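The chain contents come next:
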Amino acid sequence: MKNKRPLSQLILGDRGFKYQLIAPSIFILLLIGIFPLIYTLLVSFQGITMMDNDTSFHGLQNYTALGTDTRLWEALMHTIIFTCIALPIELLLGLLMAQLFIDKLPGRQIFIALLVLPVVVAPVVSGATWSLLLDTRFGPINQILGWFTGEEVTLLWTINPDLVYPSILAAEIWQWTPFMFLLLLAALSAVDKSQLEAASIDGAGYWTTFFKIVLPAIWPVMAVAILIRGLDLFRLFDIVWALTRGGPGTMTETISIFTYVKGFQQFETSYTGAVALLIIILLSVLVIGALKKVEIAR
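Parameters and conventions
Residues numbered from 1 in each chain as written. Predicted model: local features only at pLDDT ≥ 70, side-chain atom pairs only at ≥ 80, totals over all residues. Heavy atoms only, no water. Helix = DSSP H or I, 4+ residues; strand = E, 2+ residues; numbered from the N terminus. Rg over C-alpha atoms; globule rule 2.2 N^0.38 Å. Buried < 20%, exposed > 50% of the residue type's maximum accessible area, 1.4 Å probe, protein only. Contact = heavy atoms within 4.5 Å. Lys, Arg positive; Asp, Glu negative; His and termini not counted. Charge placed at Lys NZ, Arg CZ, Asp CG, Glu CD. Patch = residues over 30% accessible without salt bridge, like charges linked within 9 Å, V, L, I, M, F, W, Y side chains within 5 Å. Areas by Shrake-Rupley, 256 points an atom, 1.4 Å probe, with all protein chains shown as cover. Salt bridge = Lys/Arg side-chain N within 4 Å of Asp/Glu carboxyl O. Core = buried A, V, L, I, M, F, W, Y, C linked by side-chain atoms within 4.5 Å. Axes fitted to C-alpha atoms, helices over the stretch in contact; angles between N-to-C directions. Parallel < 35°, antiparallel > 145°, perpendicular 65-115°, else oblique. Left-handed = near helix turned anticlockwise from the far one by under 90°. Phe/Tyr/Trp six-rings, centres within 6.5 Å; stacked < 30°, edge-to-face > 60°.

Peer 1: Just to check I follow, could you spell out the overall build of the protein chain for this structure?
Peer 2: Counting its secondary structure elements, the protein chain contains 12 helices and two strands. From first element to last, N terminus to C terminus, the protein chain shows the α and β order α-β-β-α-α-α-α-α-α-α-α-α-α-α. The globule rule puts the C-alpha radius of gyration for 298 residues at 19 Å, and the 25 Å found for the protein chain is more than 25% above it. Overall, the protein chain is about 75 × 70 × 40 Å in size when its C-alpha atoms are taken along their principal axes. The buried share of the protein chain, taken over its 298 residues, is 35%. Within the protein chain, contacts between residues separated by at least 24 positions form 67% of all contacts whose residues are at least 6 apart in sequence. Charge centroids of the protein chain, computed over 18 positive and 20 negative side chains, lie 17 Å from each other.

Peer 1: For this particular structure, what's the right way to read a nonpolar patch on the surface?
Peer 2: On the surface, a cluster of nonpolar side chains totalling about 740 Å² of accessible area is made up of Tyr19, Leu21, Ile22, Ile26, Leu30, Ile34, Ile38 and Leu42. Mapped onto the secondary structure, leucine 42 falls in helix H1 (residues 7–44).

Peer 1: For this particular structure, what's the right way to read the nonpolar core?
Peer 2: Core analysis: the biggest nonpolar cluster contains 41 residues, and Leu95, Phe181, Ile218 and Leu243 have the highest contact counts within it. Mapped by element, the contributors of at least two residues to this core are helix H3 (70–101), helix H4 (108–120), helix H7 (164–189), helix H9 (206–234), helix H10 (238–243) and helix H11 (255–265). Ranked by residue count, the leading element in this core is H7, at 12 residues. Setting aside residues up to four positions removed in sequence, leucine 243 forms contacts with Gly127, Trp130, Ser131, Leu134, Thr158, Ser167, Ile168 and Ala171. Counting 12 residues, the second-largest nonpolar core is a separate cluster that includes Leu66, Leu72, Phe258 and Tyr271.

Peer 1: Where do I start with the pattern of salt bridges in this structure?
Peer 2: A side chain of one charge can pair with a side chain of the opposite charge if their charged atoms are brought near each other. Summed over all chains, the structure comprises six salt bridges. Salt-bridge contacts for aspartate 232 lead to arginine 229; the nearest nitrogen and oxygen are separated by 2.6 Å. Here aspartate 232 and its partner arginine 229 are both found in helix H9, three residues apart, which amounts to about one turn of the helix. Residue classification places aspartate 232 among the buried positions, given a relative accessible area of 18%. With a shortest N-O distance of 3.8 Å, glutamate 268 and lysine 262 are connected by a salt bridge. Overlapping salt bridges bring together Glu90, Glu172, Arg229, Asp232 and Arg235 as one network.

Peer 1: Looking at this structure, I do not really get the side chain of threonine 79. What am I missing?
Peer 2: Looking at the element boundaries, threonine 79 is found in helix H3. According to the relative accessible area criterion, threonine 79 is buried, its value standing at 0%. Sequence-distant contacts of threonine 79, defined by excluding residues within four places in its chain, comprise Leu233, Phe234, Thr254 and Ile255.

Peer 1: Whenever I open this one, the environment of glutamate 74 confuses me. Can you help?
Peer 2: Assignment of secondary structure puts glutamate 74 in helix H3. Residues glutamate 74 and valine 191, 117 residues apart in the sequence, show an inter-C-alpha distance of 43 Å.

Peer 1: Which parts of the structure should I look at to understand the packing of helix H5 (residues 123–133) against H7?
Peer 2: Packing of H5 against H7 brings their axes to within 10 Å, and their N-to-C directions diverge by 135°. One finds that H5 runs oblique with respect to H7. With respect to the hand of their crossing, H5 and H7 are arranged in right-handed fashion. Between H5 and H7, the contacting residues are Pro123, Ser126 and Trp130 on the first element and Ala170, Ala171, Trp174, Gln175 and Trp176 on the second.

Peer 1: Even after reading the chapter, I still don't get the packing of aromatic side chains, so can you show me in this structure?
Peer 2: The description of two aromatic rings rests on the distance between their centres and on the angle between their planes. With the rule as written, the count across this model stands at 16 aromatic pairs. Summarising the aromatic geometry, the rings of phenylalanine 101 and phenylalanine 181 are spaced 5.7 Å apart at their centres and angled 65° between planes, so their arrangement reads as edge-to-face. Taken together, the residues phenylalanine 101 in helix H3 and phenylalanine 181 in helix H7 connect sequence positions 80 residues apart. For phenylalanine 101, a relative accessible area of 8% gives the class buried. Classification of phenylalanine 181 as buried rests on a relative accessible area of 0%.

Structure below.
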């Protein structure tokens, strides 16, 4: 008995029929991804604010304002500072933890499960928890420090300009180092053991083995981990908002908090659209540059 093929498959052929099947999914994905981008682009050329629903064409007015907005560039600088400090620390700590747990230890699975718990906690919940821990009067951190010093400690962790950055970084690193740990542990587990044994027989030391065999083997996974965490840090919002709301003043205001304040508190919709397009362009450039470097390294 002959197989009956659909009429569309007979007309378009196998390749055309395949594309026809996936066309609805591609259309929906493009609609979800491209429509908000196009709409944001259109809004950025208008003058919509809380007081005025002006949809007329305003040219590059909003984009010109970006260059003179010192608060915007300060928020961008704060974001870069958080990223440049937190990302290397998370990578290093994650790698050290992965090296520690690569060997079979008693209770290894239990310890790994406990270490991963911070990752599954919502960032805003993590920020609220750290806010309680760092509370000036009732927070356990000040009380523990008081036990060591023998006197009452009232450090203003989220208010003092000298302590606010370490507080945010501690919360961020505590939550996301396990993410690096999991990825790097999986990468280390996949390293060819025969190469390590051959290097050991040839008398290679630990650091020689690490830089010549282990690091090149885990680099693709490490590069992906760095890229994911770098992008995530660039949009840092929850923990900072829960701890400081961008304060004191605007000292810890990130680009995400700045955009949120402009768009959802001050309702400068068109200007926020211009800021969003700026962020998209910056992230696109960073991602393309990072991917090119990964390809060169490979």
